[in-house]
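# Architecture at a glance
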Amino acid sequence: MTGQYKQLRHSVIIEVPFFDIDSMDIVWHGHYVKYLEVARCAFLSAIGYDYNVMKANGYGWPIVQLNLKYVRPAVFGQKIRVEVVLKEYESCLKFDYVISDIISGKKLTKASSMQVAVCMQTRETQFQTPESWLQAVRNAMQNGLKGED
């Protein structure tokens, strides 16, 4: 449903910790996925529909697709902004991300992820997102996101 609704966006700031650095003194590529997860969890909390709420409503939301494009490396102590934008929410959850340097604004990484709803009781994939999720998105579009930096 791209472009037909007010896109919901949220961002978090992360200071790159020492233990995320590899032997080349840059962030190991696998840690970028963790940064996306931090931003996505913050987004979900901001709209009042985090993973605990999803589970309480009877659904799991596994990642079924993940794409990353590394533009330039992040380094120890660097403050980065991870912006997440909800691109699709009716048939799946599709998020786009941009990781950028706080000081320069330079883009470090672009990414996208897709999740689908799975009924926890039957383990069946849902081809449309549950009404509880749709209502949370509608409420956030009407009221705006809370806690955005």
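Residues numbered from 1 in each chain as written. Predicted model: local features only at pLDDT ≥ 70, side-chain atom pairs only at ≥ 80, totals over all residues. Heavy atoms only, no water.

### Structural notes on the side chain of Gln78
Take Gln78: it is sitting in the loop between strand S3 (63–70) and strand S4 (79–88). A relative accessible area of 14% means that Gln78 is categorised as buried. Apart from residues lying up to four places away in sequence, Gln78 is in contact with Ile14, Glu15, Val16, Pro73, Asp101 and Leu108. (Helix = DSSP H or I, 4+ residues; strand = E, 2+ residues; numbered from the N terminus. Buried < 20%, exposed > 50% of the residue type's maximum accessible area, 1.4 Å probe, protein only. Contact = heavy atoms within 4.5 Å.)

### Focus: the pairing of strand S6 (residues 107–115)
Bridging between S3 and S6 involves seven bridges; their strand directions are antiparallel. Counterpart to Tyr70 in the pairing with S6 is Thr109. Pairing between strand S5 (residues 93–101) and S6: eight bridges, direction antiparallel. Each bridged residue has a counterpart across the sheet, and for Phe95 the counterpart in S6 is Ser113. Counted between consecutive antiparallel strands, the loop separating S5 from S6 contains five residues, among which Gly105 sits at a positive phi close to 80°. (Pairing = 2+ DSSP bridges.)

### Some points on the pairing of S4
Within S4, seven of the 10 residues are buried, which leaves it mostly tucked inside the rest of the structure. With seven bridges joining them, strand S1 (residues 9–15) and S4 adopt antiparallel strand pairing. What sits directly across from Ile13, in S4, is Arg81. As judged from the eight bridges shared by S4 and S5, these two strands associate in the antiparallel manner. Within S5, the position partnered with Glu83 by the bridge is Val98.

### Observations concerning the pattern of salt bridges
Side chains carrying opposite charge are able to pair once their charged atoms draw close together. On inspection of all chains with the given rule, the structure shows four salt bridges. Among the ionic pairs, Glu37 bridges to Arg40, the shortest N-O distance being 2.0 Å. A residue pair is termed a helical-turn pair when its members lie 3 or 4 positions apart in one helix, as Glu37 and Arg40 do in helix H1 (residues 31–46) at three residues. Judged by its relative accessible area of 30%, Glu37 falls in the partly exposed class. A residue is classified by how much of its surface remains accessible, and Arg40, at 4% relative accessible area, is buried. (Salt bridge = Lys/Arg side-chain N within 4 Å of Asp/Glu carboxyl O.)

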